[in-house]
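# Topology and contacts: notes
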Amino acid sequence: QITVGLAGIGGEVTRDFVFTRTGDNHSLLIDSATLDGISLSEGDEIAVFTPDGLCAGGSIVGEIPDRDTWPVGLAAFGDDDRTPEVDGFAVNEAFAFKIWDLSDGEEYEAIPEYISGRQKWNKNSLTELNLASERGYTPNIFPFPEMIDFGEIIAGDIGTETLIIRNTGLADL
């Protein structure tokens, strides 16, 4: 048995998505958001992006204590025309969404399903929607060694063989 002493210092919760808060916004009310058909959980994040890929707003799921998780409110901030840099949406720019899954520390594109309101940015507007996202699975390939037969190969020569892979579905997620 080994005893290991541990110590730690609490710190501020950091966000995966970083954005600038400006004076103008378009309110987004997200009724539900899923990853692989499972509802996002406390600590996961949702963010909205401009067509140029600029994060212009975000929210942490379960960020407000003593409140039901859904819906989640999110402000899509507009560009501050008093600064030279672009830091938010322009009028009529389309929304793009991403989620960040706390459990695996990965970002995923999210597809919106609009329920009501405008589908493009407009100052002082309200849009209600749902979001859905899926992980991109990479299949594991396990060839059977006895099925690969190069025959006799003379030293110094190169042998080739064709491996045929058939998609049998994702049996083991």
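Before reading further, recall that the structure is shown in the block above.
Residues numbered from 1 in each chain as written. Predicted model: local features only at pLDDT ≥ 70, side-chain atom pairs only at ≥ 80, totals over all residues. Heavy atoms only, no water.

### Here's the deal with the nonpolar core
For clarity, the threshold we go by: Only buried residues count toward a nonpolar core. Its members are Ala, Val, Leu, Ile, Met, Phe, Trp, Tyr and Cys residues joined through side-chain atoms within 4.5 Å. Here the term buried applies to any residue with accessible area under 20% of the maximum for its type, exposed to any over 50%, and partly exposed to those in between, with areas from a 1.4 Å probe on protein chains only. Each helix is a run of H or I in the DSSP string that is no shorter than four residues. Each strand is a run of E no shorter than two, and both are numbered from the N terminus. Whether two residues are in contact is decided by their heavy atoms, any of which lying within 4.5 Å being enough.
The biggest cluster of nonpolar side chains holds 20 residues, and the ones touching the most others in it are Leu28, Ile46, Val48, Phe95, Phe97 and Leu131. When residues of this core are traced back to their parent elements, those giving at least two are strand S1 (25–35), strand S3 (45–49), strand S5 (72–77), strand S6 (96–101), strand S7 (106–116) and strand S8 (126–133). A total of four residues in this core trace back to one element, the largest contributor, which is S1. For Leu28, the contacting residues outside a window of four places in its chain are Val48, Val72, Gly73, Leu74, Ala76, Phe95, Phe97, Thr127 and Leu129.

### Examining the pairing of S1
Selection criterion: Two strands pair under a simple rule: DSSP has to find at least two bridges between them.
Two strands pair when backbone bridges link them, and S1 and S5 are joined in this way by six bridges, in the antiparallel orientation. Of the residues in S5, the one forming a bridge with Leu28 is Leu74. Pairing of S1 with S8 involves eight bridges; the strand directions are parallel. Bridge pairing links Thr34 to Ala132 in S8. Adjacent in sequence and paired antiparallel, S1 and strand S2 (residues 38–39) are bridged by two residues, among which Asp36 carries a positive phi angle near 55°.

### Section: the pattern of salt bridges
For clarity, the cut-off: In the sections that follow, a salt bridge refers to a side-chain nitrogen of Lys or Arg positioned within 4 Å of a carboxyl oxygen of Asp or Glu.
One pass over the structure, following the stated rule, counts six salt bridges. Its salt-bridge partner being Lys123, residue Asp24 comes within 3.6 Å of it at the nearest N-O pair. Here Asp24 is found in the segment before S1, whereas its partner Lys123 is found in the loop between S7 and S8, with 99 residues between them in sequence. Under the relative-accessibility criterion, Asp24 is labelled partly exposed at 26%. Note that Lys98 and Glu107 form a salt bridge whose closest N and O atoms lie 3.8 Å from each other. The exposure class assigned to Lys98 is partly exposed, which follows from its relative accessible area of 22%.

### Examining the environment of Leu131
For Leu131, the location among the structural elements is in strand S8. A C-alpha to C-alpha distance of 8.8 Å links Leu131 and Leu35, two positions 96 residues apart in sequence. For Leu131, the contacting residues outside a window of four places in its chain are Ile30, Ser32, Ala33, Thr34, Ile46, Phe97, Ala110, Ile111 and Pro112.

### Here we look at unusual backbone geometry
Excluding glycine, residues mostly have negative phi values, and the peptide bonds linking residues are mostly trans. One non-glycine residue, Asp36, lies in the positive phi region at around 55°. Here Asp36 lies in the loop between S1 and S2. Judged by its relative accessible area of 26%, Asp36 falls in the partly exposed class. Here Asn124, not a glycine, exhibits a phi torsion of approximately 60°, which is positive. With respect to the helices and strands, Asn124 occurs in the loop between S7 and S8.

### Re the packing of aromatic side chains
Our working rule: Classification of ring pairs uses Phe, Tyr and Trp, with its six-membered ring standing for Trp, and accepts pairs whose centres are within 6.5 Å; under 30 degrees between planes counts as stacked, over 60 as edge-to-face, and the remaining range as tilted. A ring is scored as having a charge over it whenever the NZ atom of a lysine or the CZ atom of an arginine sits within 6 Å of its centre and within 35 degrees of its normal.
Taken as a whole and assessed by the stated rule, the structure comprises five aromatic pairs. Arranged with centres 6.0 Å apart and planes meeting at 20°, the rings of Phe19 and Phe77 form a pair that is stacked. Of the two residues, Phe19 sits in the segment before S1 while Phe77 sits in strand S5, which places them 58 residues apart along the sequence. Just as Phe19 is buried, Phe77 falls in that class too. Ring geometry for Phe95 against Phe97: centres 6.0 Å apart, planes inclined by 40°, an arrangement best described as tilted. The class of Phe95 is buried, set by a relative accessible area of 9%. Pairwise contacts between aromatic rings join Phe89, Phe95, Phe97 and Trp121 into one cluster. A cation sits over an aromatic face here: Lys98 above Phe49, 5.0 Å from the ring centre.

Everything listed here is a matter of coordinates, which is why it stays silent on function.
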